[in-house]
Amino acid sequence: MNGEKRSARPNPNTGEPSRAVRNPQNIQSRPSQPVRSQGTDGVRPRPVAGSRQAMSQNPSQSSINRNPSGAVSRTSAVGGTVNNTRPAAQNQAPRPIQRPAQMQNGQGNAVQPTQQQLTQQQRRTVNPSAAQIRTPNGINAVSDSDQSTKQISPAVSRQMMSTRTTDVADLRVKDKPKTEEKRDSGSGEGGNTIISLVKAIVYIVFVCVISVFLAVTIVFVGNDMFAFVKSDEVVEIVLPENTTLDDLAEILHENGVIEYPSVFKLYAVAKKDNQKYVAGTYTVTPMMNYSFLLAEFKEKIDYGTVRITIPEGYTTDEIIDLFVAEGIGTREGFIDVIENGEFDYWFINDLEENGISEDRIYRLDGYLFPDTYDFYKNSSETTVINKLLRRFGQIFKSDYKAQCEKMGYTVDEIVTLASIIEKEAANTTEFFKVSSVFHNRLNNPWNFPKLESDATVVYVIEHETGERTVDLSYETPYNTYKYNGLTPGPIANPSASAILAALTPQATNYYFFYSYEGVTYFSETKAQHEAYIEQFKNQAASGTPANIPEN
């Protein structure tokens, strides 16, 4: 209508250009949204696709007519005919423009379609199905009614393409978060697994630390309560008047007798202690358990104490008689404790591990250390023997044991040798020379297989008969004139000096000695030894002193 004409479009069937020219200005733009009719509740009814009558009845719609030559013309509702002639496909009816179908609610009334429904309808219009794609032969497989959907205004087409592009972009944006969501989900699961593992490790470590702490605490508290392994150092405790349980626990703790005063107080409460402590000075040791400590400071019957001195070199029988004479224990009770009592000392364990000879007189011979002791008169046999054994452990030091091993002897063999030295020497100044005689004989068993000690025979005779006599023909494994080497066990309880002499003998060439009137004479040869003996006999017979040189 404005003088501009478009070039004729070729006919897809004949290849000739169409005579109908389409003016874009004469094409009425179709609204993208449906227009409501005034005075009605619903939307304007949409003409049924493929009906010519429906389109002609609506004056606001443009109608499409076909001329005899097959060209399509459109009549505008504004009042002009648009020359929009184009060749039509053979045997195909024109297709009206498809509009969004009106929707009805549950009551049958028309409902305005939503923007999403319009967008979906436009997407179906812009994206034809596979049936609308032109075939290789140039023939469109869709009907004219479907082709008519392509005849839309440029504005509507741009709006539809914009909507489609936006939708595709939206789809792409939506796809990306799905992948990221999976990736994030996997990362989150891995992180949760690591966190759970760390929590489990922390929990296990926490439980182990608490268990170790509780175990160590129980061991230390139990040792303090029952005094399993504690010092035997004597501690002097002074209790003032009106001493309470708190005061007593603090005093014991300050003096190193107990380690845990709070536990001591709980123990006293559990034992229902009456907390009536007698003021005074007490002698206690950490070896006393809580029960003994509580009883130690209470009022008790005074049985009296006795101080007993055990002479050096006393035999076990003599020690038993000494205590019984002081009113402590019985002979039978002492013998049972000595033979069968259980004592936790390393030297007793070594003795039993090395084996005790069946010919041994007493199991604890040699270990009842001679010293001065204070005892209650009502002390038990076990208390007495344990106190003597503890004192031996204090005297026989750890380096003494190492010296025994260096010399090739057991501890019991050295104690046995010390007991013989104790009985044979006239005084302590002779211990080391007497020790050298026995060591020289033990180290030269080919020439001197027997020790030939009178004291060993006397010990057995006195034990078995009660008489102190010498009979060198007496049959006993303790007779060193008949049996080689050491006796089955000690013949006395030696002193510290005798033990030291047995471990460190003097270096001499003496193999013989003879004691007369408190003096010991040593000889290197048997002839010299026999000469001494002859002179002593003549002296005794004539009453004149013999001319015997000093050793």
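Scroll up to find the structure.
Residues numbered from 1 in each chain as written. Predicted model: local features only at pLDDT ≥ 70, side-chain atom pairs only at ≥ 80, totals over all residues. Heavy atoms only, no water.

## Comments concerning the packing of aromatic side chains
In this description, a pair of aromatic rings is defined by centroid distance and the angle of the planes.
Now for step 1: Under the criterion given, the structure shown has 24 aromatic pairs.
Now for step 2: Here Phe323 and Phe334 contribute two aromatic rings whose centre-to-centre distance is 5.8 Å and whose plane-to-plane angle is 35°, an arrangement assigned as tilted. Here the residue Phe323 occupies a position in helix H8 (residues 316-325), and Phe334 occupies one in helix H9 (residues 331-340), the gap between them amounting to eleven residues.
Now for step 3: Between Phe347 and Tyr367, the ring centres sit 5.6 Å apart and the planes meet at 10°, which makes this aromatic pair stacked. Here Phe347 is found in helix H10 (residues 346-354), whereas its partner Tyr367 is found in the loop between H10 and strand E9 (372-376), with 20 residues between them in sequence.
Now for step 4: Assessed through its relative accessible area of 1%, Phe347 is described here as buried.
Now for step 5: Following the ring pairs from residue to residue traces out a cluster consisting of Tyr345, Trp346, Phe347, Tyr367, Phe392, Phe396 and Tyr400. (Phe/Tyr/Trp six-rings, centres within 6.5 Å; stacked < 30°, edge-to-face > 60°. Helix = DSSP H or I, 4+ residues; strand = E, 2+ residues; numbered from the N terminus. Buried < 20%, exposed > 50% of the residue type's maximum accessible area, 1.4 Å probe, protein only.)

## Some details on the nonpolar core
Now for step 1: Phe323, Phe375, Ile385, Leu388 and Leu389 are the most contacted members of the largest nonpolar core, which totals 59 residues.
Now for step 2: When residues in this core are grouped by element, the largest group, seven residues, is from helix H13 (residues 411-424).
Now for step 3: Leave out the neighbours within four places in its chain, and Leu388 touches Ile310, Ile319, Phe323, Tyr367, Leu368, Phe369, Tyr373 and Phe375.
Now for step 4: One finds Val221, Val235, Leu239 and Leu248 within the second-largest nonpolar core, a separate group that totals 24 residues. (Core = buried A, V, L, I, M, F, W, Y, C linked by side-chain atoms within 4.5 Å. Contact = heavy atoms within 4.5 Å.)

## Overview of the side chain of Thr487
Now for step 1: Looking at the secondary structure, you find Thr487 in the loop between helix H15 (454-465) and helix H16 (496-503).
Now for step 2: Here Thr487 falls in the buried class, since its relative accessible area comes to 7%.
Now for step 3: At 2.7 Å, the side chain of Thr487 forms a polar contact with the backbone oxygen of Gly489.
Now for step 4: Beyond its immediate sequence surroundings of up to four residues, Thr487 is in contact with Thr416, Ile420, Thr456, Tyr478 and Thr480. (Polar contact = N/O pair within 3.5 Å; in protein donor to acceptor, adjacent residues only side chain to side chain.)

## Some thoughts on empty space enclosed by the protein
Empty pockets left among the atoms are what a rolling probe the size of a water molecule brings to light.
Now for step 1: This structure, assessed with the given rule, holds two cavities of 30 Å³ or more.
Now for step 2: Roughly 40 Å³ of internal volume is contained in the second largest cavity.
Now for step 3: Around the second largest cavity, the lining residues are Thr315, Lys423, Ala455, Val458, Tyr459, Glu462, Arg468 and Ile491.
Now for step 4: With four residues, the single largest contributor to the lining of the second largest cavity is H15. (1 Å grid on protein atoms, 1.4 Å probe; cavity = no way out; pocket = protein on both sides within 12 Å on 5 of 7 lines; lining within 4 Å. Points joined across faces, edges and corners; volume = space filled by probe spheres on them.)

## Some details on unusual backbone geometry
Now for step 1: Non-glycine residue Gln275 carries a positive phi angle of around 60°.
Now for step 2: Judged by its relative accessible area of 36%, Gln275 falls in the partly exposed class.

## Some remarks on the pattern of salt bridges
Now for step 1: The tally for this structure, following the rule as stated, stands at 13 salt bridges.
Now for step 2: Close ionic contact of Asp412 with Arg360 constitutes a salt bridge, the shortest N to O distance being 3.0 Å. Taken together, the residues span a long stretch of sequence, with Asp412 in helix H13 and Arg360 in the loop between H10 and E9 at a distance of 52 residues.
Now for step 3: For Asp412, a relative accessible area of 15% corresponds to the buried category.
Now for step 4: By relative accessible area, which is 9% here, Arg360 ends up buried.
Now for step 5: Where salt bridges share partners, they join Asp317, Asp321 and Arg331 into one cluster. (Salt bridge = Lys/Arg side-chain N within 4 Å of Asp/Glu carboxyl O.)

## Focus on the layout of surface pockets
Now for step 1: Counted as a void, the largest pocket has a volume near 2200 Å³.
Now for step 2: For the largest pocket, the lining is made up of 47 residues, of which Thr285, Met288, Thr383, Asn386 and Arg390 are closest to its centre.
Now for step 3: Contributions of two or more residues to the lining of the largest pocket are made by strand E7 (280-284), helix H7 (290-296), strand E8 (305-309), H10, E9 and helix H11 (381-395).
Now for step 4: If one sorts the elements of the lining of the largest pocket by residue count, H11 sits on top with eight residues.
Now for step 5: Broken down by class, the residue content of the lining of the largest pocket amounts to 20 nonpolar, 15 polar and twelve charged. (Nonpolar A, V, L, I, M, F, W, Y, C, P; charged D, E, K, R; others polar.)

Purely geometric numbers; function is a separate question.
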